[in-house]
Amino acid sequence: MKTILLIEDNAFIRENTSEILDLAGYKVLSAENGKAGVELAMEHTPDLVICDIMMPVLDGYGVLHMLQRNKDMKDIPFIFLTAKTERSDYRRGMEMGADDYIMKPFEATELLHAIESRLKKAALRKAEFSPNLQGLSKLMEAATGKASIKALAEGRDIERYKKRQTIYTEGNHPVNLFYIQKGKVRVFKRNDDGKEFAVDLYNTGDFFGYVPMLEGTVYKDTAEAMEESEIAVIPREDFEALMGSQIDVAAQFIRMLARNVTSKEQQLLGLAYNSLRKKVAEALLSLYRKYNEQKEEPFVIDISRDNLATIAGTATESLIRTLGDFREEKLIEIREGSIVILNEKKLSNMLY
């Protein structure tokens, strides 16, 4: 049950509003002035605050200021109640950080709709989503009630790629977003000596090619089909229209990209400083975490040794020898060329 703090000096409005909120299934805390309201907020940490502007002892602006100074309170949704004669003052409150305002007198449905909307946005801000387009799909569903990002792929032209066929090349300008209907895709960088470094792997149901669209830059890597694949091609303008129409989604997506950058930095540090055994273990675990979110056991990795070597940042021969060691130590098993992880915990705790 969500807790709402109502701060209103008019007893009639306070009692009637409290009754509406109570009937709607909220737990209500009420205060007759700003000072009492701040004290209740500090004691109970409500999920949302509804506050009158003009009040004795401490007005609504003072309440908002004091709550925003508290690190545990600053992100609590805050709705101002304002009389029509105070309409010109509401902008000041919004500039101070209020989330919404409602003019008195108000309808019960107007109040409840505002509360529901703000609570939903607050939950969206707090939620964590994986830093990829699967995460964006979940984000869109949480924000709109529909898996909007998935709908982007419906009815699109389907391009068919053969194994090792290039989908896009480093240095080109992005014009499409890609969705894998069937198959696998690897994204990699190649240095001047021809050595490849795997940036990411994508499977059926994944989107890729979106980062340069958001950055307004060219592709910084190359995408290649790992097997025969069917890929839906989504025009850039359709993707940008979706992102531009959902401010909360765009803000969350920026957070997701930031976590993605952090993840890539950690991956690069690992390639630079980890031992061979640690590099191979991390490569196996990265695939385990990406494609086994449900923690199903045993987890089977069906990937070529060459591609696995590029993910680990090592030579294929060295990778094969290390996999042989892991098999002898019963960390993995190899069945018909596929790798089965037997002991994820020991791989995770490998020190050297």
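Residues numbered from 1 in each chain as written. Predicted model: local features only at pLDDT ≥ 70, side-chain atom pairs only at ≥ 80, totals over all residues. Heavy atoms only, no water.

### Quick word on the overall build of the protein chain
Here is step 1: Across its full length, the protein chain holds 14 helices and 16 strands.
Here is step 2: Put simply, 69% of the contacts in the protein chain that link residues at least 6 apart link residues at least 24 apart.
Here is step 3: Accessible surface, the protein chain: about 18800 Å² in total, of which carbon and sulfur atoms supply 49%. (Helix = DSSP H or I, 4+ residues; strand = E, 2+ residues; numbered from the N terminus. Contact = heavy atoms within 4.5 Å. Areas by Shrake-Rupley, 256 points an atom, 1.4 Å probe, with all protein chains shown as cover.)

### Quick word on the side chain of D221
Here is step 1: Inspection of the secondary structure puts D221 in the loop between α8 (211-215) and β12 (222-225).
Here is step 2: As a buried residue without a salt bridge, D221 has its nearest oppositely charged side chain in K189, at a separation of 6.2 Å.
Here is step 3: A polar side-chain atom of D221 sits 3.2 Å from a polar atom in the side chain of Y168. (Buried < 20%, exposed > 50% of the residue type's maximum accessible area, 1.4 Å probe, protein only. Lys, Arg positive; Asp, Glu negative; His and termini not counted. Salt bridge = Lys/Arg side-chain N within 4 Å of Asp/Glu carboxyl O. Polar contact = N/O pair within 3.5 Å; in protein donor to acceptor, adjacent residues only side chain to side chain.)

### Examining the pairing of strand β15 (residues 332-335)
Here is step 1: In the sheet, β15 pairs with strand β16 (residues 338-341) via four bridges, with the strands oriented antiparallel. Bridge pairing links E333 to V340 in β16.
Here is step 2: Between β15 and β16, which follow one another and run antiparallel, lie two residues, and E336 among them has a positive phi close to 50 degrees. (Pairing = 2+ DSSP bridges.)

### What about the packing of helix α12 (residues 305-312) against helix α13 (residues 316-328)?
Here is step 1: Between α12 and α13, the least distance of the axes is 9 Å, while the angle of their chain directions is 95 degrees. Judged on the interaxial angle alone, α13 and α12 are roughly perpendicular. For the pair α12 and α13, the contacting residues are R305, D306, L308, A309 and A312 in the first and T316, L319, I320 and L323 in the second. (Axes fitted to C-alpha atoms, helices over the stretch in contact; angles between N-to-C directions. Parallel < 35°, antiparallel > 145°, perpendicular 65-115°, else oblique.)

### Here's the deal with helix α2 (residues 34-44)
Here is step 1: By the burial criterion, the buried members of α2 are G34, A36, G37, V38, L40 and A41.
Here is step 2: Measuring from the side-chain oxygen of the N-cap residue of α2 to the backbone nitrogen of K35 gives 3.1 Å; that N-cap residue is N33.
Here is step 3: Backbone geometry just after α2 places T45 at a positive phi near 50 degrees.

### Remarks on the sheet that holds strand β11 (residues 207-208)
Here is step 1: Here four strands make up an open sheet; going across it, the order is β6-β13-β8-β11 and the pairing antiparallel. Here the strands that pair on one side only, and so sit at the sheet edges, are β6 (157-161) and β11.
Here is step 2: As paired elements, strand β8 (residues 176-182) and strand β13 (residues 229-235) share six bridges and run antiparallel to each other. Considered in β13, the bridge of F178 is made with V233.

### Some points on helix α3 (residues 60-68)
Here is step 1: Among the residues making up α3, those that are buried are G60, Y61, G62, V63, L64 and L67.
Here is step 2: Of the residues flanking the start of α3, the one acting as N-cap is D59, its side-chain oxygen 3.2 Å from the backbone nitrogen of Y61.

### Describing the packing of aromatic side chains
Here is step 1: Summed over the entire model, instances satisfying the criterion amount to seven aromatic pairs.
Here is step 2: Ring geometry for Y168 versus Y219: centroids 3.7 Å apart, planes at 10 degrees, classification stacked. Here Y168 is found in strand β7 (residues 166-168), whereas its partner Y219 is found in the loop between α8 and β12, with 51 residues between them in sequence.
Here is step 3: For Y168, a relative accessible area of 7% corresponds to the buried category.
Here is step 4: Overall, Y219 belongs to the buried group, its relative accessible area being 5%.
Here is step 5: Counting every residue linked through ring pairs, the aromatic cluster contains Y168, F178, Y202, F208 and Y219.
Here is step 6: A cation over an aromatic ring shows up here: R186 above the ring of F188, its NZ or CZ 4.2 Å from the ring centre. (Phe/Tyr/Trp six-rings, centres within 6.5 Å; stacked < 30°, edge-to-face > 60°. Lys NZ or Arg CZ within 6 Å of the ring centre and 35° of its normal.)

By themselves, these observations are geometric and do not establish any function.
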